[in-house]
Amino acid sequence: MREIETTKAAGHILCHDITQIIKGEKKGPVFRKGHVVREEDIPVLLSVGKEHLYVWEKTEGILHENEGAQILRDICKNEYMSESEIKEGKIELTAQTDGLFKIDRKKLLAVNSLGEMMIASRHGDFPVKKGDKLAGMRIIPLVIKEEKMERAKEAAKGAPVFQILPYREKKAGIVTTGSEISKGLIQDTFGPVIEKKLGEFPVEIMGQVYPGDDKEKITEEILGFIEQGADLVVCTGGMSVDPDDRTPGAIKDTGAEIISYGAPVLPGAMLLVAYYKKDGKNIPIVGLPGCVMYAKRTVFDLVLPRIMADDPIKREELAALGEGGLCLNCEVCTFPNCGFGKGR
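Residues numbered from 1 in each chain as written. Predicted model: local features only at pLDDT ≥ 70, side-chain atom pairs only at ≥ 80, totals over all residues. Heavy atoms only, no water.

Undergrad: For this particular structure, what's the right way to read the nonpolar core?
TA: A general tendency of soluble globular proteins is for nonpolar side chains to be buried together. Counting residues in each nonpolar core, the largest one holds 33 residues, and the members touching the most others are I194, L232, L271 and L288. At the level of secondary structure, the elements contributing two or more residues to this core comprise β14 (170-177), α6 (190-198), β16 (232-236), β18 (272-278), β19 (281-288), α9 (291-294) and α10 (299-308). Apart from residues no more than four positions distant in its own chain, L288 is found in contact with F190, I194, V234, C235, T236, G237, M239, L271 and F300. Counting residues in each nonpolar core, the second largest holds 29 residues, with I91, F101, L108 and M149 among its members. (Core = buried A, V, L, I, M, F, W, Y, C linked by side-chain atoms within 4.5 Å. Buried < 20%, exposed > 50% of the residue type's maximum accessible area, 1.4 Å probe, protein only. Helix = DSSP H or I, 4+ residues; strand = E, 2+ residues; numbered from the N terminus. Contact = heavy atoms within 4.5 Å.)

Given below as structure tokens:
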């Protein structure tokens, strides 16, 4: 940086905040570090007693923090995102639509491992709403070597680090198992829970059927919904190892590919996720354990946003839910790791 007369500062970048103090009214920065001085700013600077300023002097191979932050923005920003005004070398990204927030974690780690720069974000694979803050990025020092920012671009080459997958409109069928329900011995309380959770997304519920514990009948009802155009079939109950629990076998008998029967998440260990192939589409079939009926947050809340965004779920991704997959019944929900932010 170098010292310059304020009257000659137009076009130069401030290296420090300029504070204005008006007794009884305000004390704070009138211009912040990184501000590009304009002609109309000069009288203001002189009025706060700044006849000389420290400004950034362009050096070959050295970038100002704002320039570096803009490179990080380009590495991160994708469709359906807006950016904040750059401030003290920091830029923030905000969601411009409801959807599923995705992170290329390898790229994020690679950039953050370079030092002198940082990208911080909310958790990936979680739903976001329009207006939600997604991430912030900045350069740590005032200036940074251009070569280092080239390394950041190389580490994150290809698609941006972040992505929002908008939700897709879907038709869903609900298959509620259990002879006690089909025979009218008890009232179904599972269906209303599923309807409420699906209601948070653009879903048309086609109907709900009660095939009891007859495996062939369960299979028939699942396939019936698919033939009627269902994009998602939710099967409730019958997911344990009891002899009368036939839902996993019934889902398998549809011919669907079982991605996983079981997930390292509590509540929700007996989750089943499968995909049925039809007309070039992979139609999710989900088997839900009983805990979804009574617990506020379960494994279903982790997989449903991905299903609604047409984000294919892989076996290894379900296995990775073990870290953070234990619900602690917090007063303010942190399951998993501050994912929902609402009380139970």
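Undergrad: Honestly, the environment of E65 in this entry has me stumped. Any pointers?
TA: For E65, the location among the structural elements is in helix α2 (residues 65-76). The exposure class assigned to E65 is buried, which follows from its relative accessible area of 0%. Along the chain, E65 and M149 lie 84 residues apart, while their C-alpha atoms are 11 Å from each other. If we skip the residues at most four places from it in the chain, E65 touches K33, E88, G89, R138, I139, P141, L142 and V143.

Undergrad: Can you walk me through the state of the cysteines in this structure?
TA: Two cysteines form a disulfide when their sulfur atoms are joined by a covalent bond. This structure, assessed with the given rule, holds 0 disulfides. Note on C235: no disulfide assigned, nearest cysteine sulfur contributed by C291 at a separation of 15 Å. (Disulfide = S-S within 2.5 Å.)

Undergrad: Can you help me understand the sheet that holds strand β6 (residues 81-83) in this one?
TA: What holds strands together in a sheet is hydrogen bonding between their backbones, with the strands either parallel or antiparallel. Here we have 4 strands laid out as an open sheet, ordered β6-β7-β11-β9, and antiparallel in their pairing. The sheet is open, and its two edges are formed by β6 and β9 (117-121), each paired on a single side. On average, each strand axis in the sheet is tilted by 15 degrees relative to the strand beside it, whichever way the strands run. By the bridge criterion, 3 bridges tie β6 to strand β7 (residues 90-95) in an arrangement that is antiparallel. Following the sheet pairing, S82 is matched in β7 by T94. (Pairing = 2+ DSSP bridges. Axes fitted to C-alpha atoms, helices over the stretch in contact; angles between N-to-C directions.)

Undergrad: What is the right way to look at the packing of aromatic side chains in this model?
TA: For any pair of aromatic rings, the description consists of the separation of the ring centres together with the inter-plane angle of the planes. Taken as a whole and assessed by the stated rule, the structure comprises 2 aromatic pairs. Aromatic side chains F101 and F162 sit 5.3 Å apart centroid to centroid with 35 degrees between the ring planes, which places their arrangement in the tilted category. In this pair, F101 is assigned in strand β8 (residues 99-103) and F162 in strand β13 (residues 162-166), connecting sequence segments 61 residues apart. Accessibility assignment for this pair places F101 and F162 in one class, buried. On the numbers, 4.9 Å between centres and 85 degrees between planes, the contact of Y167 with F201 is edge-to-face. Note that Y167 is positioned in the loop between β13 and β14 and F201 in the loop between α6 and β15 (203-212), a separation of 34 residues in sequence. As far as burial versus exposure is concerned, Y167 and F201 are alike and both buried. (Phe/Tyr/Trp six-rings, centres within 6.5 Å; stacked < 30°, edge-to-face > 60°.)

Undergrad: Would you mind showing me how to read the pairing of β7 here?
TA: Consecutive side chains along a regular strand alternate between the two faces of the sheet. Burial along β7 is one-sided: I91, L93 and A95 are buried, and none of K90, E92 and T94, which face the opposite way, are. Counting the residues that bridge the hairpin from β6 to β7 gives 6 residues, and of these E88 lies at a positive phi of roughly 50 degrees. Looking at chain direction, β7 and strand β11 (residues 133-139) are connected through 5 bridges and run antiparallel. Across the sheet, E92 pairs through a bridge with G136, a residue of β11.

Undergrad: Can you walk me through the environment of A295 in this structure?
TA: Of note, A295 is situated in the loop between α9 and α10. For A295, a relative accessible area of 9% gives the class buried. A C-alpha to C-alpha distance of 30 Å links A295 and R105, two positions 190 residues apart in sequence.

Undergrad: What's the story with the sheet that holds β18 in this structure? I'm lost.
TA: Here we have 6 strands laid out as an open sheet, ordered β15-β14-β16-β19-β18-β17, and mixed in their pairing. Sheet topology places β15 and β17 (257-261) at the edges, where each strand pairs with a single neighbour. Within this sheet the neighbouring strands show an average axis-to-axis angle of 20 degrees, counted without direction. As paired elements, β16 and β19 share 4 bridges and run parallel to each other. Within β19, the residue paired with V233 across the bridge is I285. Sheet strands touched by helix α7 (residues 215-227): β14, β15, β16, β18 and β19. Its angle to β15, the strand with the most contacts, is close to 160 degrees. In the packing of α10 onto the sheet, the strands contacted are β14, β15, β16 and β19, and the crossing angle to β19 comes to about 165 degrees.

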